[in-house]
Amino acid sequence: MVMAPRKHREREMLFDSVIALVFILVACVDLCDGAAVVDVYRLIQYDMSGVPFGSRLASLNHHAASLHFSPHTDLSRTVLLIPLRELNMSFVKEYIAESKPLGGLIFLLPRLFSFENKDGKGSNNRDGSTEPLRNVLAELEQILIHANLPYPVYFAFEDDNIDAVLADIKKNDVTGQPATATTGGYKFVVSAAEPRKVVSPPITNIQGWLAGLKTDDDAHQLPTIAIVASYDTFGAAPALSVGSDSNGSGIVALLEVARLFSLLYSNPKTRGQYNLLFGLTSGGPYNYNGTRKWLRSFDQRLRESIDYAICLDSIGSWENELWIHVSKPPENAFIKKIVEDFSSVAEELGFKVNLKHKKINISNPRVAWEHEQFSRLRVTAATLSELSTAPELLEKAGGLVDSRHFVNEATIVRSVKLIAESLARHIYGHQGKNIQIFADNTNLAVNPSYVRSWLDVLSQTPRVAPFLSKDDPFVMALKKELEDHTDEVNLHKDVLEGVFTFYDSTRAKLNIYQVASVTFDLLLLLVLGSYLIVLFSFLVITTRGLDDLISLFRRPPSRKVKTA
């Protein structure tokens, strides 16, 4: 009767001891486990004519360091966390040009480049504090997209969690103790599948139509004016390439022009004797691949009916002047007419429109401006842009620096007024007359709220064509918007062809772990071992007595003694 309660107490003591041990282990794991989880965006991976560019890996599992590492540190198993504010461009160029070994790179961007940033939105910010950062990021982006990097490269945005981690990493690096298996520190882990090729990347062109008024005397087909804007983007991080200016501003302007002319064309008394063709095209960064396919899908009569096409590109962050780019000589009668219409309206609005002529080299597959695809098919066309010269291939195509923070809806409103009034003067024969059809404070005035709302949507929507599905919600939203203002809206679907091959895996989660050093592990092992020895000794003494515990450590008698 006495033994049963005693055994019960012993089991309770053993159970309590095991529970205590479990709590100690959990506490120790917490000391050396996860510190933060951060959204990260991978550097684009693509091939051009079979040549690899961008980041070639996605998974990451390395200790972290900052730019304060000692000069002779081996970085082959280290990922560098580099804030844009502290970026040493010489270091980046050196490591990329000389193909020095790295475990990985993570660039930390200020929040103003995030499409979730609300501070200073629409301020057309060009102050001294942000412009240097913008220039550095633009240079970095061009370096990265034209390099072949055999390790993971990611972008993240500053926040309290990662800033605290960076501060700790810097402290360790300054003391000359970079993170290793022996010294501890931080470990960055991204679990991602091996990137795969994007098979048959889709491109979708969206077309809307406003039919002009045909009189009884008009037996021939009415002339057509095409208003066109490319809607997709390209940048170092596909998941961040929202292109607020290039070409979000062009898309917004096209939609507002369509809305304004839908009001005029809804009444037969104010409907012009021109058809208006609105085109939102895909494949812009890749030699306007979608525009070329869209134009080739036209029947001969439609193509011949186009009086001229005006392409809209990057018109959201200019100040006092815009540029009209053409391929035909300035002496051409149609070109003269276009330039006169736009110049006279611009002068009345208080700014200037300049003309830039650039011949097309038919033997060169490079297409610098969207209007060149029209010109190659002998259709008169021009591009309206704030850029005075054509960007290089894959440059200024809506990358990391092209965020909402640097685009002002008031600037786009001015661009829309210029486009709408110039088109109206051509359509209604008001050349040389100071007549404002879209005057302020009328029902035909440009709507700043409409411009702002669509600019906000576009500034939060990455639009890199190979990563947009065939029935992408964004494409469907553009189609629906055109349907609200135009007729006969349809989609022209095709596949992106040419020299480009793209790979998936564009965003991931970065798990940051604070790793204990080997010294800590040994100390922890010693403490746990001591605890287990004391626990074992206590249980033996309480159940069997001190003599049994001592007997465990006595040397057993030799066989000879036992035999005797």
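Relevant structure appears above.
Our subject in this report is the structure included herewith. (Residues numbered from 1 in each chain as written. Predicted model: local features only at pLDDT ≥ 70, side-chain atom pairs only at ≥ 80, totals over all residues. Heavy atoms only, no water.)

Structural notes on the packing of aromatic side chains
Pairs of aromatic rings are described using the distance from one ring centre to the other and the angle between the two planes. Enumeration over the complete set of coordinates arrives at 19 aromatic pairs. An angle of 15° between the planes, with centres 5.9 Å apart, marks the rings of F500 and F502 as stacked. Residue classification places F502 among the buried positions, given a relative accessible area of 1%. Taken together, the ring pairs connect Y46, F53, F234, Y286, F467, F500 and F502 into an aromatic cluster. Its end group placed over the ring of Y503, R56 keeps NZ or CZ at 5.2 Å from the ring centre. The side chain of R134 reaches across the aromatic face of F406, ending 4.1 Å from its centre. (Phe/Tyr/Trp six-rings, centres within 6.5 Å; stacked < 30°, edge-to-face > 60°. Buried < 20%, exposed > 50% of the residue type's maximum accessible area, 1.4 Å probe, protein only. Lys NZ or Arg CZ within 6 Å of the ring centre and 35° of its normal.)

Concerning the layout of surface pockets
Each pocket or cavity is described by its volume, and for the largest pocket that value is around 470 Å³. Surrounding the largest pocket, 25 residues form its lining, R134, A138, K396, V401 and D402 being those nearest its centre. Residue classes in the lining of the largest pocket are distributed as eight nonpolar, eight polar and nine charged. Counting residues domain by domain, the lining of the largest pocket receives three or more from each of domain 1 (31-118 + 131-195 + 504-514) and domain 2 (200-494). (1 Å grid on protein atoms, 1.4 Å probe; cavity = no way out; pocket = protein on both sides within 12 Å on 5 of 7 lines; lining within 4 Å. Points joined across faces, edges and corners; volume = space filled by probe spheres on them. Nonpolar A, V, L, I, M, F, W, Y, C, P; charged D, E, K, R; others polar. Domains from an automatic or database assignment.)

A word on empty space enclosed by the protein
Per the stated rule, a full pass over the model turns up eight cavities of 30 Å³ or more. One number sums up the size of the largest cavity: a volume of about 230 Å³. For the largest cavity, the lining is made up of 20 residues, of which G284, P285, Y288, K396 and A397 are closest to its centre. Of the residues in the lining of the largest cavity, the class split is eight nonpolar, five polar and seven charged.

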